[in-house]
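Below, each chain spelled out in residue letters.
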Amino acid sequence: MHKTYSNNETKKLDGISIWLSSLCFLHCLTLPLITISIPLFGKYMESHFHSLMLFIVIPISIVALTRGYKNHNNIIIVILGLFGGMLVTFGATYIHYKSNSSDALITISGSIFLAIAHFFNNRSSHLHSEPCK
């Protein structure tokens with residue numbers, strides 16, 4: 001027998017993850033402009049922002065998707081989230097330091113997959129929660 005988590009707890013974590021994934025997405029779109037206009041600020045943010053976001057986004061996503069899976073048992077949502085998380089991690093670490101040109105594309109793609117996974121995790125958890133049955 002597995003523990004089911006409160007829909008409100010999972011919903012909050014999914015909401016936070018969606019906002020954080022969106023923040024990653026916006027960061028990857030706006031950072032090149034910031035880097036061009038303010039080189040010192042851009043360089044500082046570039047080296048620290050990815051690490052900070054990884055330490056926040058990935059653990060929250062893991063907890064939210066795990067709790068959601070225990071409520072809805074839809075492995076496709078978890079796989080989608082894992083794929084997005086792997087893209088974000090790979091883009092923000094290895095690709096970022098190896099080739100600065102393609103890291104934004106990979107990180108943005110991962111953020112989109114992660115946000116979509118949390119969206120469906122949120123919806124599916126709500127549909128399978130006790131008050132909705």
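Our structure's up above, just so we're on the same page.
A brief structural summary.

Parameters and conventions
- Residues numbered from 1 in each chain as written.
- Predicted model: local features only at pLDDT ≥ 70, side-chain atom pairs only at ≥ 80, totals over all residues.
- Heavy atoms only, no water.
- Helix = DSSP H or I, 4+ residues; strand = E, 2+ residues; numbered from the N terminus.
- Buried < 20%, exposed > 50% of the residue type's maximum accessible area, 1.4 Å probe, protein only.
- Contact = heavy atoms within 4.5 Å.
- Areas by Shrake-Rupley, 256 points an atom, 1.4 Å probe, with all protein chains shown as cover.
- Phe/Tyr/Trp six-rings, centres within 6.5 Å; stacked < 30°, edge-to-face > 60°.

All right, on to the overall build of the protein chain then. Within the protein chain, the secondary structure is distributed over four helices and zero strands. The proportion of buried residues among the 133 residues of the protein chain is 38%. Within the protein chain, counting contacts between residues at least 6 apart in sequence, those at least 24 apart form 76% of the total. With the model as given, the accessible surface of the protein chain reaches about 8,000 Å², and the carbon-plus-sulfur share is 73%.

Below, the discussion takes up the packing of aromatic side chains. Tallying each qualifying case throughout the model produces two aromatic pairs. An angle of 80 degrees between the planes, with centres 4.9 Å apart, marks the rings of Phe-83 and Phe-113 as edge-to-face. Of this pair, Phe-83 sits in helix α3 (residues 75-98) while Phe-113 sits in helix α4 (residues 103-127); the two residues are 30 residues apart in sequence, bridging distant segments of the chain. Accessibility expressed as a relative area gives 38% for Phe-83, which makes it partly exposed. Overall, Phe-113 belongs to the partly exposed group, its relative accessible area being 30%. Taking 5.4 Å as the distance between ring centres and 75 degrees as the angle between the ring planes, the aromatic pair formed by Phe-119 and Phe-120 counts as edge-to-face. Judged by its relative accessible area of 39%, Phe-119 is partly exposed. Judged by relative accessible area, Phe-120 falls into the partly exposed class, the value being 40%.

Quick look at the side chain of Asn-122 now. In this structure, Asn-122 sits in helix α4. Setting aside chain neighbours within four positions, we find Asn-122 in contact with Lys-11 and Asp-14.

Bringing unusual backbone geometry into the picture now. The phi torsion at Asn-73 lies on the positive side, around 55 degrees, for a residue other than glycine. With respect to the secondary-structure elements, Asn-73 resides in the loop between α2 (39-72) and α3. For Asn-73, a relative accessible area of 48% gives the class partly exposed.

Position of Ser-111 relative to the elements: it lies in helix α4. A residue is classified by how much of its surface remains accessible, and Ser-111, at 2% relative accessible area, is buried. Excluding anything up to four places from it in sequence, Ser-111 contacts Ser-21, Cys-24, Phe-25 and Val-88.

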